Every structure is written in C-alpha cells, then in structure tokens.
Amino acid sequence: MKVPIEDADEKKPGTTQPGEAESSPKDASASTASSASAATSSAPGDIDPDDDAAMRAAAMKAADEVLEQEAVEDAKKFRSERDELQKKLSDMTEDIEKAKKEAAESTDRLVRLQADWDNYRRRTAQERLDERERAAEKLVVSLLPVIDDMERALEHASGFGQDTTAEQFKQFVDGVSAVHDKMVGVLSKEGVEPIDPAGEPFDPLEHQAVGRREDKDAYDETVDQVYQKGYRMGKKVIRTAMVTVTYGGPKRPADAAANAADKDAEAKGSGDKDPGSGNGAAKEK
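Everything numeric here is computed off the predicted structure, so don't read it as measured data. (Residues numbered from 1 in each chain as written. Predicted model: local features only at pLDDT ≥ 70, side-chain atom pairs only at ≥ 80, totals over all residues. Heavy atoms only, no water.)

What is the right way to look at the overall build of the protein chain in this model?
Secondary structure assignment for the protein chain yields five helices and six strands. Secondary structure elements of the protein chain, listed N to C terminal, follow the sequence α-α-α-α-β-β-β-β-β-β-α. Buried residues in the protein chain amount to 17% of all 285 residues. Total accessible area computed for the protein chain in this model is approximately 22000 Å², and 54% of it derives from carbon and sulfur atoms. (Helix = DSSP H or I, 4+ residues; strand = E, 2+ residues; numbered from the N terminus. Buried < 20%, exposed > 50% of the residue type's maximum accessible area, 1.4 Å probe, protein only. Areas by Shrake-Rupley, 256 points an atom, 1.4 Å probe, with all protein chains shown as cover.)

Structure below.
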C-alpha cells in the first residue's frame, strides 16, 4: 500500500516557509475574501459572451435610433427653414419683377406721352400756319372769276377806235382797270399772287397746258400764250395757269432757265407794286 506523497509547497500547520512573514488568521481571511472577489470580477467565464454581444448590439442600436431621430428632426428643421427662405426669396423675386414691370410701363408711358406732346405741338403749330394761309382761300377762289371777267372786258374794250363812242369805252376801261387794280391789291395783302408765265419755262406744278404750238425759234416747252392766269396763296398754288406750250425748238440750257427764273422773280416784284399804282389811280378818279 502506497502512502501519498505530501506536496512540497503544502504548508504544515504551525510552520512557515522561509522568506515569508507569519500572518494572523484574520489577515488570511481578508486576503481570501479579496482574492475571491477579484477572481469573481476578473474571471472571463462568469459572463456569457452571447449576452455581452447582444447588450452591445442593443446599445449601438439604441444610439443609432437616437442619432437617426435627431438627424430626422434636424432635417425637418432645415427643410422648414429652407422652405421659408425659398418662399421669402420667391416673394422678393416677384416683388422685384413687379417693380421692374411697373417701372418699364411708366417709362414707356412717359416716352409715349412726350412723343404725343411733341407731335401735338408741331401739328398745332403747322395747323395754325395752314389756317392763317387758308383763312381767306374760299373767298379768293370765289373772287377769281370776277377778276377773269374784268380782264376779258378790258381786253375786248381796248380794241375800239378814237371816236366818241371809243372815248366812252375808254372811260369805262379806265374805271374797270381801277377796280381790277384795287381788287388785286386787296388780294395781294392777303398773300395772293398772280401766275402769269408768258415766255417762261413750262412748270407742270403751276401751269396747265391746254394746247401746243410748233415754234422752232423758241425754246422747247416754253409758255406761248396764257389763256387764264393762275394764282398762288402763300406757298400753295390755289389755281394753275392755263397756257399753251411751244415745241420743236432747241432745248433750254441751264443758264437760260436760271435767267428765266430771275425774270419771273422780277416780274412778281413789279406785280406787287402795280396794285399800289392802281389804287392811286382809283383814288384820283
């Protein structure tokens, strides 16, 4: 029968190992309790690894849910602020566009009003000038046939002889001539001028051709005879002169046309003076 060998490290009651201090039973019990506690807290096998992983996963899930909830609330808040700012920006943009539109309409209306005012001012000024020139136009047109009859009577009576009857006709002619000169003077004061273009170049704006006569000695398209004088009032021709025109002659050079225009101007100037002398003759009679 074998006797169990005692462990060398086993301590016998009442004996101490070399180098170790002798401890009391009280200290030994306290040391045993602390060692047990440390063993309990540090031993890895006391907690189930699956439970620990589940706890960690639950904690991470709870933290993710909290973060997600905070992110959703922040996103809602930012979205609300963005929508509010977008609405304000849209309102401001509409106000700016409305203000621009009103400013453009006001500017356009101002430009139209200015243009209308300028047109109205020019039109009224021109109308006043035209009315001043045409104030007595109807009266003048009515008097022109009277002047024509007087001129025909004068032309007819001037062919009589020097007998007693001719003397009477001469007095008649002088009286009619005085009336004619007086009437022409009155019309001249109203701006009426006769158009008597005998020997002048034909002007279709002032002359009305009623016949043609071949004359190789005169310039082509020269007024030969004046059947009826024309009249202008201001710058407007109120009646054209009825004339006959020559043809078959040489063309009128430019300098000859200029000389004819100068003669026409001189004739008009002398015609303005004739009514005054006629008035004087009428007053003497």
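Let us keep going from here.
Explain the sheet that holds strand 6 (residues 241-247) here, please?
Picture the strands of a sheet paired through backbone hydrogen bonds; they go either parallel or antiparallel. The strand order across the open sheet formed by three strands is 2-6-3, and the pairing between neighbours is mixed. Looking along the sheet, the strands with just one partner apiece sit at the ends: strand 2 (207-214) and strand 3 (223-228). If you compare each strand with its neighbour and ignore which way they point, the axes differ by 25 degrees on average. (Pairing = 2+ DSSP bridges. Axes fitted to C-alpha atoms, helices over the stretch in contact; angles between N-to-C directions.)

Teacher, can you tell me more about unusual backbone geometry here?
One non-glycine residue, glutamate 221, adopts positive backbone phi at about 60 degrees. With respect to the element layout, glutamate 221 can be found in the loop between strand 2 and strand 3.

What am I meant to see in the nonpolar core here?
Buried together is how nonpolar side chains tend to be arranged in soluble globular proteins. Counting residues in hydrophobic clusters, the biggest one holds 15 residues, and the most contacted among them are Val140, Ile147, Leu187, Val192 and Tyr231. Of all the secondary-structure elements, those providing two or more residues to this core are helix 3 (137-157), helix 4 (164-189) and strand 4 (230-233). Among the elements that make up this core, the one with the highest residue count is helix 3 (six residues). Setting aside anything within four residues of it in sequence, one finds leucine 187 in contact with Val140, Leu143, Ile147 and Val192. (Core = buried A, V, L, I, M, F, W, Y, C linked by side-chain atoms within 4.5 Å. Contact = heavy atoms within 4.5 Å.)

Please clarify how the environment of aspartate 224 should be interpreted in this entry.
One can find aspartate 224 in strand 3. Sequence separation between aspartate 224 and glycine 199 is 25 residues; the distance between their C-alpha atoms is 6.0 Å. Each residue touching aspartate 224, except ones within four places of it in the same chain, is listed here: Arg213, Thr244, Val245 and Thr246. In this structure the side chain of aspartate 224 is engaged in a polar contact, spanning 2.4 Å, whose partner is the side chain of arginine 213. (Polar contact = N/O pair within 3.5 Å; in protein donor to acceptor, adjacent residues only side chain to side chain.)

What is the right way to look at the pattern of salt bridges in this model?
Oppositely charged side chains can form a pair if their charged atoms are brought close together. Considering all chains together, one arrives at twelve salt bridges under this definition. Salt-bridge contacts for arginine 82 lead to aspartate 83; the nearest nitrogen and oxygen are separated by 3.3 Å. On the basis of relative accessibility, which here comes to 51%, the residue arginine 82 falls in the exposed class. Residues aspartate 108 and arginine 112 are paired through a salt bridge, measuring 2.1 Å at the closest nitrogen-oxygen approach. One end of the pair, aspartate 108, and the other, arginine 112, are both in helix 2 (residues 49-133), four residues apart, so they sit about a helical turn from each other. (Salt bridge = Lys/Arg side-chain N within 4 Å of Asp/Glu carboxyl O.)

What should I look at first to understand the sheet that holds strand 4 in this one?
If you walk across this open sheet you meet the three strands as 1-4-5, and the pairing is antiparallel. Every other strand in the sheet has two partners, leaving strand 1 (192-195) and strand 5 (236-239) as the edge strands with one partner each. On average, each strand axis in the sheet is tilted by 35 degrees relative to the strand beside it, whichever way the strands run. Summarising the sheet, strand 1 and strand 4 pair through four bridges and their orientation is antiparallel. Opposite proline 194, over in strand 4, you have tyrosine 231 as the bridge partner. Set on the sheet, helix 3 makes contact with strand 1, strand 4 and strand 5; between it and strand 5 the angle comes to about 55 degrees.

Sorry, what's going on with the confidence of the model for the protein chain here?
Overall, the predicted model of the protein chain reaches an average pLDDT of 74, with 70% of residues at or above 70. Considering each helix and strand of the protein chain separately, the mean pLDDT is smallest for helix 1 (residues 25-42), with a value of 44, and largest for strand 6, with 92. The model gives residues 1-45 a pLDDT under 50, and that stretch makes eight contacts with residues more than four places away or in other chains. (pLDDT = per-residue confidence, 0-100.)

Teacher, can you tell me more about helix 3 here?
The periodicity of an α-helix, 3.6 residues per turn, causes residues three or four positions apart to be oriented the same way. In a regular helix each residue adds 1.5 Å, so 21 residues correspond to 30 Å; helix 3 covers 30 Å between its end C-alpha atoms and thus fits that length. The axis of helix 3 is deflected most strongly, by about 25 degrees, at leucine 143, and proline proline 145 appears within four residues downstream. Among the residues making up helix 3, those that are buried are Glu137, Val140, Leu144, Ile147, Asp148, Met150, Leu154 and Ala157. (Expected span 1.5 Å × (residues − 1). Bend = angle between axes of the 7 residues up to and from the residue.)

I would appreciate a short explanation of the environment of glutamate 137 in the present structure.
Positionally, glutamate 137 belongs in helix 3. For glutamate 137, a relative accessible area of 18% corresponds to the buried category. Along the primary structure glutamate 137 and valine 192 are separated by 55 residues, whereas in three dimensions their C-alpha atoms are 9.2 Å apart. For glutamate 137, the contacting residues outside a window of four places in its chain are Met233, Lys236 and Ile238.

Looking at this structure, how should I read the packing of aromatic side chains?
The way to describe two aromatic rings as a pair is by their centre distance and the angle between their planes. Tallied over the full model, the rule gives one aromatic pair. Aromatic pair tryptophan 117 and tyrosine 120: ring centres 6.0 Å apart, planes at 35 degrees, arrangement tilted. Here tryptophan 117 pairs with tyrosine 120, and both are found in helix 2, just three residues apart, close to one helical turn. (Phe/Tyr/Trp six-rings, centres within 6.5 Å; stacked < 30°, edge-to-face > 60°.)

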